[in-house]
Amino acid sequence: MTVDRKVRVAVVGAGPAGVYAADILTKTEGLDVTVDILDRDPTPFGLIRYGVAPDHPRIKEIIKALKRVMANDDIRFFGNVNFGTDIKLEDLKGFYDAVVFATGARRDRDLQIPGVDLDGSYGAADFVYWYDGHPDAPREWDFQPHAKQVAVLGVGNVGLDVARILAKTADELLVTEIPDNVYEGLKKNVTTDVHVFARRGPAQVKFTPMELRELSHSPTIDVVVHPEGYEFDHGSMEALAAAKSQKLVVKVLGDYLAKEPSGAPHRIHIHFCQNPVEILGEDGKVVGLRTEITELDGTGNVRGTGQFKDWPVQAVYRAIGYYSDNLPGLPFDANTGVLPNDGGHVLDIDGTPIEGVYATGWIKRGPVGLIGHTKSDAAQTIKMLVEDLPKLPAPEVSEREAFDRHLDSRGVEYTTWEGWERLDAHEESLGANDAHPRERKKVVPRDEMVSIARG
Ligand code: NAP
């Protein structure tokens, strides 16, 4: 027993990081705790619903485990609640002993090169939001009508997702949960060649082996690895010796390199040692990408060669990493895009912990790592929280339902776990009754989601 009162904790963010934190808390031995998880989306599961690509149902299976966690009566869900406008930190402190921020990262990291604002230059996160049917994304994606050659910058798994969705046909994706507007939008995509650019070599890509291998599973796609820049320095050899998964990635790349294209209608090209330096435009539209050819410097990093190459592409997708939103009323480290923290406590600008305020997941350590990694992250944060509990003041209001009344009094149209179950069933029935029956079809407009969830 760490404290002799019933403890109440708010978790802001209902993605895997927040749900794992709630799970670990409620399983803490000797602790009598209830947890409320808030999210600005009307639905739970964060990037699993609005980040994982629709043709990756295997990853979405994680939702089943998260559902089991949420079925615990000691955990409640409040969706459609926007931290900063509907509720502030001071409000939460009045109802909860501690607040854990698990707000993740949903924006594109800035790429500061000329031409980035041209028509046809897109952030990958925006595209992902669109094809995943996020309510705040525009309903239509403005595919450039002549964009047959398209560039994707960055060789992480988001770059792979974007390249794959651009290279697949709309009909191939019709077996997934994509909403109608996304299917209709994808039909306007005329891309035949997606060029994915790595600024370093093959041993430095951030792909994971399974996701890379799976690229070739579509009958409409040939994967073409180009030999220029396909090189390994001493740092590369060390990296491959240290990490089995990186070795596997390079093995898959090598297989693609050796393979003759089958003549499929779409190609995903992977180019190494090409650092994007400018997006070229004409009449405000993308007409090309300029890269500087780089060479490995012995450590696995690269230096520029002073030689440049222009690629005739009509659209550029920047998949160079996510960036977190600054949370109102909290400090923010703009360099790394995280809440300043010591591994769990959120730190004020003078480096002292802010009493009762914690961080976990991507807002704590930056947008890297797979979903499972957020579990160990949450364990570290919750351990700190539980150790602090005896010295944390009890909140002014301890009654559980007082928070619901507070939201009601502010006119916040929050959704609940039962509401999510209604929406979940509704989406499943939309899928089952579609002209192309499938497991689910997503509802997109926020007001429609909220009204279904609120019955
Ligand atoms: P990421 O893995 O960090 O990859 C970012 C890529 O962008 C790197 O190749 C990086 O190259 C490159 N980059 C960064 N700045 C650049 C610049 N200025 N110019 C050119 N290239 C630049 O990020 P992510 O793809 O957004 O993925 C985030 C996390 O989500 C990862 O852990 C990923 O595995 C995970 N995820 C998983 C899946 C899945 O299906 N399993 C799907 C999506 C995301 P350098 O290495 O040279 O910096």
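How each quantity is defined
Residues numbered from 1 in each chain as written. Predicted model: local features only at pLDDT ≥ 70, side-chain atom pairs only at ≥ 80, totals over all residues. Heavy atoms only, no water. Helix = DSSP H or I, 4+ residues; strand = E, 2+ residues; numbered from the N terminus. Buried < 20%, exposed > 50% of the residue type's maximum accessible area, 1.4 Å probe, protein only. Polar contact = N/O pair within 3.5 Å; in protein donor to acceptor, adjacent residues only side chain to side chain. Contact = heavy atoms within 4.5 Å. Pairing = 2+ DSSP bridges. Axes fitted to C-alpha atoms, helices over the stretch in contact; angles between N-to-C directions. Near = heavy atom within 4 Å. Areas by Shrake-Rupley, 256 points an atom, 1.4 Å probe, with all protein chains shown as cover. Parallel < 35°, antiparallel > 145°, perpendicular 65-115°, else oblique. Left-handed = near helix turned anticlockwise from the far one by under 90°. Nonpolar A, V, L, I, M, F, W, Y, C, P; charged D, E, K, R; others polar. UniProt positions renumbered as here; feature names shortened; annotations may be inferred. Expected span 1.5 Å × (residues − 1). Salt bridge = Lys/Arg side-chain N within 4 Å of Asp/Glu carboxyl O.

(A) Seen up close, the side chain of Asp 55. With respect to the helices, strands and loops of the structure, Asp 55 is situated in the loop between helix H2 (46-50) and helix H3 (57-60). Note on Asp 55: relative accessible area 11%, which makes it buried. Within the structure, the side chain of Asp 55 is placed 2.7 Å from the side chain of Lys 168, a separation counted as a polar contact. Discounting residues that sit within four places of it in the chain, Asp 55 has contacts with Arg 164, Ile 165, Lys 168, Leu 173, Thr 176 and Glu 214.

(B) Quick look at the sheet that holds strand E16 (residues 345-347). The strand order E3-E2-E1-E4-E17-E16 describes an open sheet built from 6 strands, whose pairing is mixed. Each edge of the open sheet carries a strand with a single partner, namely strand E3 (75-78) and E16. Sheet twist, expressed as the average angle between the axes of neighbouring strands with direction ignored, equals 35 degrees. Where E16 meets strand E17 (residues 353-359), 2 bridges bridge the pair, whose relative direction is antiparallel. The residue bridging His 345 from the neighbouring strand is Tyr 358, located in E17. Across the sheet, helix H13 (residues 373-388) is in contact with strand E1 (7-12), strand E4 (98-101), E16 and E17; its angle to E17 comes to roughly 150 degrees.

(C) Main features of the site of the ligand. In the vicinity of the ligand there are 24 residues, among which Val 155, Asn 157, Arg 199, Arg 200 and Gly 369 approach most closely. In the model, an oxygen atom of the ligand is placed 3.0 Å from a nitrogen or oxygen of the Val 155 main chain. Computed on the free molecule, the ligand has an accessible area of 920 Å², of which 86% lies beneath the protein chains in the complex. For the shell around the ligand, the leading source of residues is helix H7 (residues 157-167), giving 3 residues.

(D) Summary view of the pairing of strand E10 (residues 266-271). Of all 6 residues in E10, 5 are buried, a share of seventy percent or more. For strand E8 (residues 193-197) and E10, the ladder comprises 5 bridges, and the chain directions are parallel. Directly across from Phe 197, in E10, lies its bridge partner His 271. Across 5 bridges, the pairing between strand E9 (residues 221-225) and E10 is parallel. Bridged to Val 224 within E10 is His 269.

(E) A look at the environment of Tyr 50. Tracing the backbone shows Tyr 50 in helix H2. Taking the C-alpha atoms as reference, Tyr 50 lies 21 Å from Glu 413; in sequence the two are 363 residues apart. Sequence-distant contacts of Tyr 50, defined by excluding residues within four places in its chain, comprise Asp 41, Thr 43, Val 128, Tyr 129, Asp 132, Gly 133, His 134, Pro 135, Lys 442 and Met 449. Among the polar contacts made by the side chain of Tyr 50, one reaches the side chain of Arg 49 at a distance of 3.0 Å.

(F) Highlighting the packing of helix H6 (residues 124-131) against H7. Contact geometry for H6 and H7: axes closest at 10 Å, N-to-C directions at 55 degrees. For the element pair H6 / H7, the angle class is oblique. Crossing hand, H6 versus H7: left-handed. Of the residues in H7, those in contact with Ala 124, Phe 127, Val 128 and Tyr 131 of H6 are Val 158, Asp 161, Val 162, Ile 165 and Leu 166. Of the residues assigned to the contact of H6 with H7, the class counts are 8 nonpolar, no polar and 1 charged.

(G) Focus on the UniProt feature "domain: FAD/NAD(P)-binding" (unreviewed entry) in the protein chain. Following the UniProt record, the feature "domain: FAD/NAD(P)-binding" (unreviewed entry) maps to residues 8-191 here. Taken end to end, residues 8-191 has its terminal C-alpha atoms 51 Å apart, with 34% of it in helix and 16% in strand.

(H) Geometry of H13. Taking 1.5 Å per residue as the helical rise, H13 with its 16 residues ought to reach 22 Å, and the 24 Å between its terminal C-alpha atoms agrees with that figure. Every buried residue of H13 is listed here: Thr 374, Asp 377, Ala 378, Thr 381, Ile 382, Met 384, Leu 385, Val 386 and Asp 388.

(I) Spotlight on the packing of helix H1 (residues 16-26) against helix H4 (residues 62-70). At a minimum axis separation of 10 Å, H1 and H4 run at an interaxial angle of 40 degrees. Here H1 is positioned oblique relative to H4, judged by the angle of their axes. For H1 against H4, the interelement crossing comes out left-handed. Where H1 abuts H4, its residues Pro 16, Val 19, Tyr 20 and Asp 23 lie against Ile 62, Leu 66, Val 69 and Met 70. Of the residues assigned to the contact of H1 with H4, the class counts are 7 nonpolar, no polar and 1 charged.

(J) Seen up close, the pattern of salt bridges. A full pass over the atoms with the stated rule returns 40 salt bridges. Of the charged contacts, one joins Asp 41 and Arg 106 as a salt bridge, the two residues approaching to 3.0 Å between their closest N and O atoms. With Asp 41 in the loop between strand E2 (33-38) and H2 and Arg 106 in the loop between E4 and strand E5 (107-108), this residue pair connects regions lying 65 residues apart in the sequence. With respect to class, Asp 41 is no different from Arg 106; both count as buried. Through salt bridges that share partners, Arg 49, Lys 67, Asp 424, Glu 427, Glu 428 and Arg 440 make up one connected network.

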